[in-house]
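Next come the chains, spelled out residue by residue.
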Amino acid sequence: MKPAAFVYRAPASLPEALAQLREFGGDARVIAGGQTLVPAMSMRLARPAALIDLNGVAELAFLRAGADAIEIGAMTRQRTLERSAEIGRHARLFHLALPHVAHFQIRNRGTFGGSLCHNDPAAELPAVAAALSAEFVIAGASGDRTVGADGFFAGLLSTALEPDEILRAIRIPYLPGSCGFGFAEVARRHGDFALAGAAAVLRLGGDGTLDLARLVLFGVDDGPVRAHAAEAAMLGERPSDDLWSAAAAAAVAGISPVADLHASALYRREVAETLARRVLRQAAAELRDG
Amino acid sequence: MADGKVAVALTVNGERREALVEPRLLLSDFIRHVLRLTGTHVGCEHGVCGACTVLVDGAACRSCLLFAVQANGAEIVTVEGLAGPDGALAPLQQAFRDCHALQCGYCTPGFLISAHAFLRDTPDAAERSDAEIRSALSGNLCRCTGYQAIVKAVRQAAPAYREAGLEERR
Ligand SMILES: Cc1cc2nc3c(=O)[nH]c(=O)nc-3n(C[C@H](O)[C@H](O)[C@H](O)COP(=O)(O)OP(=O)(O)OC[C@H]3O[C@@H](n4cnc5c(N)ncnc54)[C@H](O)[C@@H]3O)c2cc1C
Ligand code: FES
Ligand code: FES
């Protein structure tokens, strides 16, 4: 249970980190919080020739309210998001989800960017990013490029990142008006990865019908699943229990859950449908209670 | 040079320490084998059990999920740093003793550090529900006690932290 030997680099800036990553031509990995990478190295599931430590790259750790979005540096600790009043004001969904992410000792070190780049199918933060239509700012040799959440989460444990790229920041566009949020998951123990989970955002227009509806499932496929069809079917409708049930049924129609030691595929599908209904109800209750 | 050693300088329990280490040396192993501070325990070595929890610049972290080289320049507090300079038990440690919050003791250093961070950050911990205290301790596993006595000890130590906090703000 000891990691294999590697070369350690501690760059002080993003350009320096990018150059060091290129220097090892695909054999180097960046390390953020290390809460996924270090155990993987200890178990020799990962054996990078070099580690480029982003913890000294101050320009990657920030949280600011920009003109049209909250901008979060990739190295922002999960604990910082959890304690941020700015996040509470503009993206409260994070505050519903973060207590479910591991334990505070892990969140003290684990970063937002690290969780997104790892893209564990059962992870909470990729689901939150998908529900908030996050934009991902990726730094590479030829400058920055921005991709949406649908493009960033590319499949099981994989993302749109090339080996020589670094996730710089995540933009969470403001949602004007007052939104209701819902978040729920089922896990075997508090702090474990979810067996299944769901997140929802709802908003009412002036005529009392929904003019914004987002529903994301996680833990039930190879990454967070935005239920686009279910969302479209809710738009223009008045909130009702029947509507949530129909949306939840539509959402699970498109998933292909895995069966493993912890749960069968059927169980995951049923739990996901129940959770989808529950988070839509939660979000709707927030709308009602203002 | 993959086996090239790297110099680290850090503060551990208020004392400055310097060493040459392999980059792959875990902070937990550095603390135990190089510094010979064996209070920090290693249970699972992949972040699950919490026995290796230490404070890094004030934040409770798993020392098995950090490399010693990453702690360069940091301030570390291990369980040995909780007691007074004369070895007198801190109120939290005394509470663990009073409440029988340990049996084999393997998990205790991690629980002490986690509970210390929680109580320091939660001045009204004594008024919090058992569920909240349990949630704060959920990142530490104990195979002996059944947790009840640990929750009780944390509750008993809470007033001492509030008083220390008030003292500091004066
Ligand atoms: C006991 C335990 C329980 C956990 N429970 C949960 C849980 O319930 N839910 C959950 O979601 N997570 C859980 N985690 C994982 C935790 O949230 C991790 O912190 C997170 O998944 C990875 O973040 P990190 O900053 O530690 O990244 P690292 O471990 O440092 O990196 C992860 C991967 O992302 C890459 N990477 C990191 N940052 C960047 C970047 N800026 N650009 C490009 N690549 C990058 C790294 O190269 C690596 O491949 C748990 C971890 C532990 C140890
Ligand atoms: S030894 Fe570090 S968490 Fe178990
Ligand atoms: S006292 Fe034995 S593991 Fe906790």
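By the naming in an unreviewed UniProt entry, chain B goes by (2Fe-2S)-binding protein and is assigned to Propylenella binzhouense.

An unreviewed UniProt entry lists chain A under the name Xanthine dehydrogenase family protein subunit M, from Propylenella binzhouense.

Peer 1: Is there a simple way to explain the interface of chain B and chain A in this structure?
Peer 2: Of the residues lining the interface, 30 residues belong to chain B; the matching set on chain A comes to 29 residues. Summing both partners gives a buried area of about 2,400 Å² for chain B against chain A, and 60% of it is carried by carbon and sulfur. The largest per-residue losses of area from chain B upon contact with chain A belong to R24(B), L65(B) and F67(B), which jointly make up 25% of the total buried on that side. For the pair chain B and chain A, the number of links is 3 salt bridges. Taking the shortest distance from any N to any O, the salt bridge between D29(B) and K2(A) comes out at 2.6 Å. For the pair chain B and chain A, the number of links is 10 residue pairs in polar contact (both at pLDDT 80 or more).

Peer 1: In this structure, what is going on with the domain arrangement of chain A? I would like to understand it.
Peer 2: All names here are of chain A. Taken domain by domain, chain A comprises domain 1 (7-56), domain 2 (59-173) and domain 3 (179-289). The distance between the C-alpha centroids of domain 1 and domain 2 comes to 19 Å. Facing the 15 residues of domain 1 at the interface are 18 residues of domain 2. Considering only the side of domain 1, the residues that lose the most area to domain 2 are L14, L18 and Q35, jointly responsible for 38% of the buried surface there. Where domain 1 meets domain 2, there are 0 salt bridges. If you look at where domain 1 meets domain 2, you find 2 residue pairs in polar contact (both at pLDDT 80 or more). Ranked by residue count, the leading element in the side of domain 1 that touches domain 2 is helix 1 (residues 14-23), at 6 residues. Looking at side-chain class alone, the side of domain 1 that touches domain 2 contains 9 nonpolar, 5 polar and 1 charged residues.

Peer 1: What is the right way to read the pattern of salt bridges from this model?
Peer 2: When the charged atoms of two side chains with opposite charge come close together, those side chains can pair. All names here are of chain A. Here the structure, examined in full by the defined rule, presents 27 salt bridges over all chains. Across the pair R107 and E82 runs a salt bridge, and its minimum N-O distance is 2.7 Å. You can see R107 sitting in helix 6 (residues 104-107) and its partner E82 sitting in helix 3 (residues 78-82), a full 25 residues away along the chain. Residue classification places R107 among the buried residues on the basis of a relative accessible area of 6%. Between E165 and R145 there is a salt bridge whose closest N-O contact spans 2.8 Å. One end of the pair, E165, is in the loop between strand 9 (158-159) and strand 10 (166-173); the other, R145, is in strand 7 (residues 143-148), and 20 residues separate them in sequence.

Peer 1: What is the right way to read the sheet that holds strand 1 (residues 7-9) of chain A from this model?
Peer 2: Paired through their backbone hydrogen bonds, the strands of a sheet run either parallel or antiparallel. All names here are of chain A. Here 3 strands make up an open sheet; going across it, the order is 1-3-2 and the pairing parallel. Unpaired on one side and paired on the other, strand 1 and strand 2 (28-31) mark the two borders of the sheet. Strand-to-strand twist in this sheet, taken as the mean axis angle between neighbours without regard to direction, amounts to 25°. One ladder, built from 3 bridges, connects strand 1 with strand 3 (residues 50-53); its direction is parallel. Within strand 3, the residue paired with R9 across the bridge is I52.

Peer 1: Help me out: how do you make sense of helix 1 of chain A in this one?
Peer 2: An α-helix turns once every 3.6 residues. As a result, residues three or four positions apart point the same way. Residues and elements named next belong to chain A. Among all positions in helix 1, only L14, A17, L18, Q20 and L21 are buried. For helix 1, the angular spread of buried residues about the axis comes to 165°, placing them on one side. For helix 1, the elements touching its buried residues are strand 1, strand 2, strand 3, strand 6 (135-140) and strand 10. The residue sitting at the N-terminus of helix 1 and contributing the capping side-chain oxygen is S13; that oxygen lies 3.3 Å from the backbone nitrogen of E16.

Reading guide: rules and limits
- Residues numbered from 1 in each chain as written.
- Chains lettered and ligands numbered in written order.
- Predicted model: local features only at pLDDT ≥ 70, side-chain atom pairs only at ≥ 80, totals over all residues.
- Heavy atoms only, no water.
- Contact = heavy atoms within 4.5 Å.
- Buried area = accessible area lost by both parts, 1.4 Å probe.
- Salt bridge = Lys/Arg side-chain N within 4 Å of Asp/Glu carboxyl O.
- Polar contact = N/O pair within 3.5 Å; in protein donor to acceptor, adjacent residues only side chain to side chain.
- Domains from an automatic or database assignment.
- Helix = DSSP H or I, 4+ residues; strand = E, 2+ residues; numbered from the N terminus.
- Nonpolar A, V, L, I, M, F, W, Y, C, P; charged D, E, K, R; others polar.
- Buried < 20%, exposed > 50% of the residue type's maximum accessible area, 1.4 Å probe, protein only.
- Pairing = 2+ DSSP bridges.
- Axes fitted to C-alpha atoms, helices over the stretch in contact; angles between N-to-C directions.
- Arc of directions from axis to C-beta.

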